[in-house]
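Below, each chain spelled out in residue letters.
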Amino acid sequence: MTTLPLYPFLGPLWMPYDSAQSAKNRNYYATKEFVEREKRKALTEIDHKMEDKQLTYEQHVREQRLIEAKYSPY
């Protein structure tokens, strides 16, 4: 209740912080989505190679582990 009358005065002070936090959140989720898309693309590529008999099962598992490690957040 007390913040509503103060908003016209304090709002402009709060806006830069709020905008920075919003940009940070958008960048985080956009990056997360991009990484997931690239990971799916790489996994699909090695799946197709295995279907075309260009990779053995063991090679596929090795490649899959490398991809999982590459796109892992840790």
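Quick note: structure is the one above.
Residues numbered from 1 in each chain as written. Predicted model: local features only at pLDDT ≥ 70, side-chain atom pairs only at ≥ 80, totals over all residues. Heavy atoms only, no water.

Chemist: Teacher, can you tell me more about the pattern of salt bridges here?
Modeler: Note on pairing: side chains with opposite charge can pair once their charged atoms come close. Using the criterion set out here, one finds three salt bridges in the structure. Taking the shortest distance from any N to any O, the salt bridge between E33 and R37 comes out at 3.5 Å. Of this pair, E33 and R37 both sit in helix α1 (residues 3-51), four residues apart, which is roughly one turn of that helix. Here E38 and K41 are joined by a salt bridge, their closest N and O atoms 3.2 Å apart. Taken together, the residues E38 and K41, both in helix α1 and three residues apart, mark about one turn of the helix. (Salt bridge = Lys/Arg side-chain N within 4 Å of Asp/Glu carboxyl O. Helix = DSSP H or I, 4+ residues; strand = E, 2+ residues; numbered from the N terminus.)

Chemist: When you look at the side chain of H60 in this model, what are you seeing that I'm missing?
Modeler: Its location among the elements puts H60 in helix α2 (residues 57-70). Given a relative accessible area of 8%, H60 falls into the buried group. Other than its neighbours up to four places away in sequence, H60 contacts I46, D47, M50 and L55. (Buried < 20%, exposed > 50% of the residue type's maximum accessible area, 1.4 Å probe, protein only. Contact = heavy atoms within 4.5 Å.)

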